[in-house]
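The primary structure of each chain is shown beneath.
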Amino acid sequence: MIITIGGGSLREMTAVNDYIVSKLEFIREKYQRKPKILFLPQASFESKPYVNSFTREFGTRLKCKTTCALWAKGEMDFEHIKQKFEIVDAIYIGGGRYDILFDEFEKMGLEKLIRDFYERGGLIIGNSAGAMLMFEISVSDYKIMAGLSSDYEIAKGYGLVKGCFCPHSNESERLEYIKATNLNCVLLEENQILEFN
């Protein structure tokens, strides 16, 4: 299953986070243990405050066992991260810059791990950039954020979910771009979710 989130701050989406964990409650009942979630914060440049927010929300408040894959500063190698994929029940791909996320995942060799995890029935949660990665294509602002362009563009993803996706669709400029380009997109505002099997 894939849960896509249109964006927003982890700390401000308690209802969304509650829903995510409700999908893992069977683990507590069936296996008598906490659900295990792996956080992938590469889109945020592996931001420590983001990692801390994730740990507080899903670990402390929602009583899950959390772990994180940190790569940029050499904390973990591919084998270490692969082992994490093999022991968790869910992976959460965080938001931030889509180009950074895509490039870092390429360097880390994560596409096959993500596909394999999905095929064996794991839960994947994608927030904004993380959700974009799940679709065939998405409306992206990464060049705007990097100061390289003043317009949105189409970014390719892994295609686990068919079609086009637009996060942060509460922003009028994104909707104007979609209308001007005649795109048929799944629209998600911040703190909105959709799930795909």
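The structure under discussion appears in the preceding block.
Owing to the predicted nature of the structure, the values given are computational and were not obtained by experimental measurement.

> Can you walk me through the pairing of strand 8 (residues 161-166) in this structure?
Walk down a regular strand and you will see the side chains alternate between the two sheet faces. Summarising the sheet, strand 6 (residues 135-140) and strand 8 pair through three bridges and their orientation is parallel. Bridge pairing in strand 8 links Phe135 to Val161. Summarising the sheet, strand 8 and strand 9 (residues 185-187) pair through three bridges and their orientation is parallel. From the neighbouring strand, Phe165 faces strand 9, where its bridge partner is Val186. Handedness of the crossover joining strand 8 and strand 9 through helix 9 (residues 172-181): right-handed.

> Which parts of the structure should I look at to understand the state of the cysteines?
Throughout this description, disulfide means a covalent bond between two cysteine sulfur atoms. Counted under the stated rule, the structure contains one disulfide. One disulfide in the model links Cys164 with Cys185; its S-S distance is 2.4 Å. Classification of the bridge connecting Cys164 and Cys185 rests on its S-S torsion, roughly 45°, and on that basis the disulfide is right-handed. Taken together, the positions of Cys164 in strand 8 and Cys185 in strand 9 put the pair 21 residues apart, joining distant regions of the chain. When sorted by exposure, Cys164 lands in the same class as Cys185, which is buried. Cys64 takes part in no disulfide bond, and the closest cysteine sulfur to it belongs to Cys68, at a distance of 15 Å. A relative accessible area of 13% means that Cys68 is categorised as buried.

> Please explain the pattern of salt bridges as it appears in this structure.
Opposite charge on two side chains allows them to pair when their charged atoms are near. Tallying each qualifying case throughout the model produces 11 salt bridges. With a shortest N-O distance of 3.1 Å, Glu25 and Arg28 are connected by a salt bridge. Taken as a pair, Glu25 and Arg28 lie in helix 2 (residues 25-31) at a separation of three residues, close to a single helical turn. Each of the salt bridges in this network shares a partner with another, and the network as a whole consists of Asp18, Glu57 and Arg61.

> Is there a simple way to think about the sheet that holds strand 4 (residues 90-93) in this case?
Strand pairing in a sheet is mediated by backbone hydrogen bonds. Such pairs are either parallel or antiparallel. Read across the open sheet, the six strands follow the order 3-2-4-5-1-10; overall the sheet is mixed. A single partner strand is all that each edge strand has here, and the edge strands are strand 3 (65-68) and strand 10 (193-196). Adjacent strand axes in the sheet meet at a mean angle of 20° when their direction is disregarded. As judged from the four bridges shared by strand 2 (residues 36-40) and strand 3, these two strands associate in the parallel manner. Residue pairing in the sheet places Leu38 in a bridge with Thr67 of strand 3. Sheet contacts for helix 1 (residues 14-22): strand 1 (2-5), strand 4, strand 5 (123-127) and strand 10; angle to strand 1, the most-contacted strand, approximately 175°.

Rules and cut-offs
- Residues numbered from 1 in each chain as written.
- Predicted model: local features only at pLDDT ≥ 70, side-chain atom pairs only at ≥ 80, totals over all residues.
- Heavy atoms only, no water.
- Pairing = 2+ DSSP bridges.
- Helix = DSSP H or I, 4+ residues; strand = E, 2+ residues; numbered from the N terminus.
- Right-handed = clockwise from strand over helix to strand, strands pointing away.
- Disulfide = S-S within 2.5 Å.
- Buried < 20%, exposed > 50% of the residue type's maximum accessible area, 1.4 Å probe, protein only.
- Salt bridge = Lys/Arg side-chain N within 4 Å of Asp/Glu carboxyl O.
- Axes fitted to C-alpha atoms, helices over the stretch in contact; angles between N-to-C directions.
- Contact = heavy atoms within 4.5 Å.

Any link to function would need more than the numbers given here.
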